[in-house]
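Structure at a glance
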Amino acid sequence: MPGFENARRAMVDTQVRPSDVTRYPIIEAMLAVPRERFVPASRREIAYAETDVPLAPGRALLAPRTLAKMLEAATIDPADLVLDLAPATGYSTALIARMAEAVVAIEPDADLCATAQARLDELEVMNAAISPGAVEDGDPDHGPYDVILVNGAVEQVPAELTAQLKDGGRLVAIFLDGPVGRCRVVTRAGDALSDRRAFDVDAPLIEGFRKARAFEF
């Protein structure tokens, strides 16, 4: 629809490009993938707004700027295998599928997973597979991965997940530091991990990455 096409271009021109997102494959993907198809019909009027779009309790489609900057930080190449965690209705999976060789996605909410699969099928995304599962476990059977992307905030990332990175692989997530969220890039070099701050942003906490609370009397 022309209205959504205009909104999509405006999203890229006013939210994505001015946020230091310069990699052409990200721009191309965000212009091509119909974001409105990945939100409930009742919320399509805010599909391209500068905000997270609520999808289910505690879950949201990340704001365009946030997701674009995470993809910029991930430096996805055309030959990469990407693990996309908690993609909700699959918008991030559809974007990454245009940038990488293949995408494996794990969504913990069975209803959101079914919706994501339907949207990917409708758009004929052939190089992505999405399955229900525990995001904190990743998908070791199909790894190791060049990139792991977490679509939300984490308090911790288990070693079992970073072990699924290839040498030189990157994990991109929004790490909570008290009330502040910081997008960080964790890179594997042999057996060592390093990380760097990419930008500050708030995002919903993904339950599988919540820290266990110590028992207190």
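So, a few notes on the structure that sits alongside this text. (Residues numbered from 1 in each chain as written. Predicted model: local features only at pLDDT ≥ 70, side-chain atom pairs only at ≥ 80, totals over all residues. Heavy atoms only, no water.)

**Quick notes on helix α3 (residues 64–74)**
Burial analysis of α3 places 10 of its 11 residues in the buried class, which makes it a mostly covered element. Once α3 finishes, T75 follows within two positions and takes phi at roughly 45°, a positive value. (Buried < 20%, exposed > 50% of the residue type's maximum accessible area, 1.4 Å probe, protein only. Helix = DSSP H or I, 4+ residues; strand = E, 2+ residues; numbered from the N terminus.)

**Let's talk about unusual backbone geometry**
In most cases, non-glycine residues show a negative phi, while peptide bonds are predominantly trans. Residue P144 follows G143 across a cis peptide bond; omega there is 5°. Here P144 lies in the loop between β5 (128–132) and β6 (145–154). You will see that T75, though not glycine, has its phi angle at about 45°, which is positive. In this structure, T75 sits in the loop between α3 and β3 (81–85). Judged by its relative accessible area of 30%, T75 is partly exposed. Within the chain, A88 stands out as a residue other than glycine whose phi angle is a positive 60°. Taking relative accessible area as the criterion, A88 reaches 2% and is therefore assigned buried.

**Re the sheet that holds strand β7 (residues 165–177)**
Taken together, the 7 strands give an open sheet; going across it, the order is β5-β4-β3-β6-β7-β8-β9, and neighbouring strands pair in mixed fashion. With partners counted over all chains shown, the strands left at the sheet margins are β5 and β9 (192–200), one partner each. Strand-to-strand twist of the sheet, defined as the mean angle between neighbouring strand axes without regard to direction, takes the value 15°. Sheet topology places β6 next to β7; 6 bridges connect them, and they run parallel. When the sheet's bridge partners are listed, V147 is paired in β7 with R170. (Pairing = 2+ DSSP bridges. Axes fitted to C-alpha atoms, helices over the stretch in contact; angles between N-to-C directions.)

**Structural notes on empty space enclosed by the protein**
Applying the stated criterion to the full structure yields 2 cavities of 30 Å³ or more. There is about 50 Å³ of room inside the largest cavity. Lining the largest cavity are A60, L61, L62, L67, A86, P87, A88, S92 and N151. Here the lining of the largest cavity is built from residues that sort into 7 nonpolar, 2 polar and no charged. In this structure, the second largest cavity occupies an estimated 30 Å³ of space. When the residues that make up the lining of the second largest cavity are grouped by side-chain class, the tally is 5 nonpolar, 3 polar and 1 charged. (1 Å grid on protein atoms, 1.4 Å probe; cavity = no way out; pocket = protein on both sides within 12 Å on 5 of 7 lines; lining within 4 Å. Points joined across faces, edges and corners; volume = space filled by probe spheres on them. Nonpolar A, V, L, I, M, F, W, Y, C, P; charged D, E, K, R; others polar.)

**Considering the pairing of β6**
The element β6 is largely enclosed, with a buried count of 10 among its 10 residues. Bridging between β3 and β6 involves 4 bridges; their strand directions are parallel. Bridged to V82 within β6 is V147.

**Quick word on the packing of aromatic side chains**
For the structure shown, the criterion picks out 2 aromatic pairs. Lying over the aromatic face of F199, K69 brings its terminal NZ or CZ to 5.1 Å of the ring centre. (Phe/Tyr/Trp six-rings, centres within 6.5 Å; stacked < 30°, edge-to-face > 60°. Lys NZ or Arg CZ within 6 Å of the ring centre and 35° of its normal.)

**A closer look at the nonpolar core**
Inside soluble globular proteins, nonpolar side chains tend to come together where they are buried. Grouped together as the largest cluster of nonpolar side chains are 53 residues, with contacts concentrated most on M30, M70, L71, I76, Y91, L95 and I96. When residues in this core are grouped by element, the largest group, 6 residues, is from α3. Non-local contacts of I96, meaning those with residues more than four positions away in its chain, are made with L71, I76, V82, D84, V103 and L149. I106, V135, I148 and F209 belong to the second largest nonpolar core, which has 19 residues in total. (Core = buried A, V, L, I, M, F, W, Y, C linked by side-chain atoms within 4.5 Å. Contact = heavy atoms within 4.5 Å.)

**Digging into the pattern of salt bridges**
Opposite charge on two side chains lets them pair, provided their charged atoms get close. Tallied over the full model, the rule gives 14 salt bridges. Among the ionic pairs, R182 bridges to D200, the shortest N-O distance being 3.5 Å. Of this pair, R182 sits in strand β8 (residues 180–189) while D200 sits in strand β9; the two residues are 18 residues apart in sequence, bridging distant segments of the chain. Of the charged contacts, one joins D195 and R184 as a salt bridge, the two residues approaching to 2.5 Å between their closest N and O atoms. Pair noted here: D195 is in strand β9 and R184 is in strand β8, with a separation of 11 residues, a long-range link. Residue R184 is classed as partly exposed on the basis of its relative accessible area of 24%. Among the ionic contacts, a cluster of salt bridges with common partners joins D177, R182, R197 and D200. (Salt bridge = Lys/Arg side-chain N within 4 Å of Asp/Glu carboxyl O.)

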